[in-house]
Amino acid sequence: MQKVFARPQSMLETTSHFCPGCHHGTVHRLLCEAIDHYGIRENTVGVPGVGCGVFLYDYIDIDVCEAPHGRAPAVATGMKRVAPENFIFTYQGDGDLGAIGFSEVVHTANRGENITVIFVNNSVYGMTGGQMAPTTLLGQRTTTSPRGRDLRNDGYPLRMTEMLAALEGVVFAARVSLHTAAHVKKARKAVMKAFHTQLEGTGFSFIEFISACPTNWNLSSQESVNRIEKEIIPYYKTGIFKEKDGGG
Amino acid sequence: MLQGCVALAEGAIAAGCRYYFGYPITPQNDIPEYLSGRLPQVGGVFIQAESEIASINMLLGASAAGARAMTSSSGPGISLMQEGLSYMAGSELPGLVVNITRIGPGLGGIASSQGDYWQATRGGGHGDYRLIVLAPNSVQEMYDLTIKAFYLSDKYRNPAMILADAILGQMKEPVRLKKPPVEIPHKPWALTGASGRKAQIIKSLYLGDGEMEEHNWHLYEKYEQLQRRDTLVEIDVDDNADILLISFGSCSRMVQSAVGMARSRGLKVGFVRPITLFPFPHDTIRELSREVGRVLTVEMNTGQMWDDVRLSLHPGCRASLLARPGGGIPSPAQILSKMEKLLKAGDKVAEGIC
Ligand SMILES: Cc1ncc(C[n+]2csc(CCOP(=O)(O)OP(=O)(O)O)c2C)c(N)n1
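Cut-offs used in this document
What you see as residue numbers is a count from 1 along each chain, following the sequence as written. Chains and ligands are labelled by the order in which they are written, letters from A for the one and numbers from 1 for the other. Reporting of local features is limited, given that this is a predicted model, to residues whose pLDDT is at least 70; pairs of side-chain atoms are given and counted only at 80 or more, and all residues count toward the totals for whole chains, interfaces and linings. Just so you know, side-chain values use all the structure's heavy atoms and leave hydrogens and water out. In this text, helices come from DSSP runs of H or I with a minimum length of four residues, and strands from runs of E with a minimum of two, each type numbered from the N-terminal end. The globule rule used for comparison is 2.2 Å times the number of residues to the exponent 0.38, while the radius of gyration itself is calculated over C-alpha atoms. Contacts were defined at the residue level, with two residues in contact if any of their heavy atoms lie within 4.5 Å. In these tables, accessible area is a Shrake-Rupley quantity obtained with a 1.4 Å probe, and a residue counts as shielded only by the protein chains included in the view. Here the expected length of a helix is defined as 1.5 Å per residue gap, with one fewer gap than residues. A 1.4 Å probe rolled over the protein chains alone gives each residue an accessible area, and that area as a share of the maximum for its type sets the label: buried under 20%, exposed over 50%, partly exposed in between. Only heavy atoms are used to decide nearness, and a residue is near a molecule or strand if one of them lies within 4 Å of it. Under the rule applied, a polar contact is a pair of N or O atoms within 3.5 Å (in protein, one hydrogen donor and one hydrogen acceptor; residues adjacent in sequence only if both atoms are side-chain atoms). Think of it as three bins: nonpolar holds Ala, Val, Leu, Ile, Met, Phe, Trp, Tyr, Cys and Pro, charged holds Asp, Glu, Lys and Arg, and polar takes everything else, Gly as well. Nonpolar side chains (Val, Leu, Ile, Met, Phe, Trp, Tyr) are joined into patches within 5 Å and like charges within 9 Å, using only residues with over 30% relative accessible area and no salt bridge. Take a side-chain nitrogen of Lys or Arg and a carboxyl oxygen of Asp or Glu: if they are within 4 Å of each other, that pair is a salt bridge. The term buried area means the drop in 1.4 Å probe accessible area that two parts suffer when joined, counted for both and summed. Only when DSSP finds a minimum of two bridges between them are two strands counted as paired.

### Remarks on the overall build of chain A
Within chain A, the regular secondary structure consists of nine helices and nine strands. The C-alpha radius of gyration of chain A comes to 17 Å, within 12% of the 18 Å expected for a compact globule of 248 residues. Across its three principal directions, the C-alpha atoms of chain A cover 50 × 50 × 30 Å. When contacts within chain A are restricted to residue pairs at least 6 apart in sequence, long-range pairs at least 24 apart make up 68% of them. Here chain A has roughly 10000 Å² of accessible surface; of this, 53% comes from carbon and sulfur atoms.

Written out as structure tokens, the structure reads:
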């Protein structure tokens, strides 16, 4: 019999702590596939921020350094400058990257730091119990926007990929989703391109993953997938926003 | 002749530090300005970060990758670094932070002050940890103690701090550049990629039952070892001294002058200078305060080191404080007149600020 689907080599065999329907696990898998594809497990270092993704080391068989909340791009900068030959990526949520760590990601991107930033946008603060994030959609109810995100009080949901794509230092920027097999396929391609960008040494690469958080959205897994299709993608358009010559 | 900040920077290079991350703030700009030119000459990297928060986290990353690296700043910037310092101590990462202090709180002033003593010696950020804190009092020591700070920081896998001020940063003195052979210890814990070994993790998060308590006792044991083995103190005490002066950093230079003047007047005096502020020379001060019976602490704050002095004193020893918390420098004449007043008053002067 032919084996058509297997656990990537760099993925540890363990039970997941993620909630049912959460997409963090899918992102992990795509990263492992790319690590295996390029054969870089032995010179890769992951830098998770603080959030549900902090347990990266429980799932991926690589060196990992925890960073303070929001500071992963600065930590990755220090690492990459010491060892430019290593493959360095950060793994950050939307609170981590879009709120407390906004300055670090913008300046790291603007320096054209040759690292890859993996950004998981689930439109809430997952780990702390579902509070409003900078990416929370208008009208979306969270534990700190009980009547829904209010434009006058909370401002607009932040589009990080579009903002970063505008910076000269950014070589590759894409937003992908994981709610259908077709989207996962596109996401896989984008991850490969982002990895390739860093391996070529051309500069900063960035991928935003639209991701479900059924637990904090108070929805089932299927309802969450529907929500991504109907409410999230119309505001957070998927696609490649930047692909400079020489990158990707 | 070298300027203090330049001597410190050369000390870092002599120690094998090749990475500097920092954000401008007076009165320490001479360090980044010098290193931005110097580091590339020796194959190093200089990054002007977007904030002190970014600086300390770049330092964290460079250290996790196994390199000797540093940052420098002053009061407000050091405050912003406290979260990163706490993570570094919790993750057992070495690294050097230089604080060329200003007067606080708030934006304060840029003149010399020793008001960051508590922040430096108590850990400063959240949690149960300490920094290794060294306080030079000469340009030679700006060089020597920087080398020492890297050594101790690697030895204990804990961030170290040089606590100095604008006087030490700006003044010029002759320096012997000893250039010891750089011995950067092997760092098997560094994250270099899981090649030929198991994957490694650098972290400070421990959620398992009892893990955090065990971790904190482990850190505590390192601080105890530091106290036992690596406390540095300068001692200059006359036989049968009647008063013991205690001071650190730039301020101790004034005290040394005052001690010289006192001796030329025939007084019997002693002088103790903590060189490491953490670990603090508690044992030395306890012993000397027993012998001498009266101490005068002189510092440029409202009495922060005095806390540690009083924790060390032999019971019954009389303790007084001469404090200048606003940028003013206690002059040798002022110190001498305090000394004489205390000695004349004998047992009649109560403890306290004089
Ligand atoms: C300085 C600081 N502030 C707040 C926190 C608490 N905190 C932990 S995770 C988190 C937000 C996580 O949300 P996000 O980044 O969106 O990631 P997710 O958990 O949703 O994947 C917060 C606020 C912290 N650890 N440190």
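That was the structure; now back to the text.
### Regarding helix α7 (residues 181–200) of chain A
All names here are of chain A. Between its first and last C-alpha, α7 extends 29 Å over 20 residues, near the 28 Å set by a 1.5 Å rise per residue. Of all the residues in α7, the buried ones are His183, Val184, Ala187, Ala190, Val191, Met192, Ala194, Phe195, Thr197 and Gln198. Looking one or two places after α7, you find Gly201, whose phi comes out positive at around 75°.

### Considerations on the site of the ligand
All names here are of chain A. Near the ligand there are 17 residues, and of these Cys52, Asp94, Asp96, Gly126 and Met127 occur at the shortest range. Within the contact set of the ligand, an oxygen atom lies 2.3 Å away from a side-chain nitrogen or oxygen of Asp94. Secondary structure elements with two or more residues in the shell around the ligand: α3 (94–100) and β5 (124–125). Considering each element in turn, the shell around the ligand owes the most residues, four residues, to α3. For the shell around the ligand, the residue count by class is six nonpolar, eight polar and three charged.

### Overview of a nonpolar patch on the surface
Judged by side-chain polarity, Leu138, Leu151 and Tyr156 of chain A come together as a nonpolar surface patch covering roughly 300 Å² of accessible area. Within the fold, Leu138 of chain A resides in the loop between β6 (131–132) and α5 (151–154).

### What about the interface of chain A and chain B?
Listed as interface residues are 31 residues of chain A and, on the opposing side, 34 residues of chain B. Between chain A and chain B, the buried area comes to about 2500 Å², and carbon and sulfur atoms account for 61% of it. Contact with chain B buries area across many residues of chain A, yet Asp63, Glu66 and Val82 of chain A alone supply 23% of it, more than any other trio. Counting across the interface, chain A meets chain B through three salt bridges. Viewed at the interface, chain B and chain A are joined by 13 residue pairs in polar contact (both at pLDDT 80 or more). Of all the secondary structure elements, the ones that give two or more residues to the side of chain A that touches chain B are β1 (44–48), β2 (63–65), α2 (72–82) and α4 (102–110) of chain A. If one sorts the elements of the side of chain A that touches chain B by residue count, α2 of chain A sits on top with seven residues.

### Section: the pattern of salt bridges
For the structure shown, the criterion picks out 34 salt bridges over all chains. The shortest N-O distance in the salt bridge between Glu141 of chain B and Arg273 of chain B comes to 2.8 Å. Of this pair, Glu141 of chain B sits in helix α7 (residues 139–156) while Arg273 of chain B sits in strand β12 (residues 269–274); the two residues are 132 residues apart in sequence, bridging distant segments of the chain. Overall, Glu141 of chain B belongs to the buried group, its relative accessible area being 15%. When the shortest N-O distance is used, the salt bridge between Glu221 of chain B and Arg228 of chain B registers 3.3 Å. Residues joined by salt bridges that share partners form a network here, namely Arg81, Arg111 and Glu113 of chain A together with Glu50 of chain B.

### Some remarks on the sheet that holds strand β9 (residues 239–243) of chain A
Think of a sheet as strands paired side by side through backbone hydrogen bonds, with each pair either parallel or antiparallel. Taken together, the eight strands give an open sheet; going across it, the order is β9(A)-β7(A)-β8(A)-β4(A)-β3(A)-β1(A)-β2(A)-β9(B), and neighbouring strands pair in mixed fashion. The strands lining the two open edges of the sheet, one partner per strand, are β9 of chain A together with β9 (201–202) of chain B. Judged from the two bridges that link them, β1 of chain A and β2 of chain A form a sheet pairing that is parallel. In the sheet register, Gly46 of chain A faces β2 of chain A, and the bridge partner there is Val64 of chain A.

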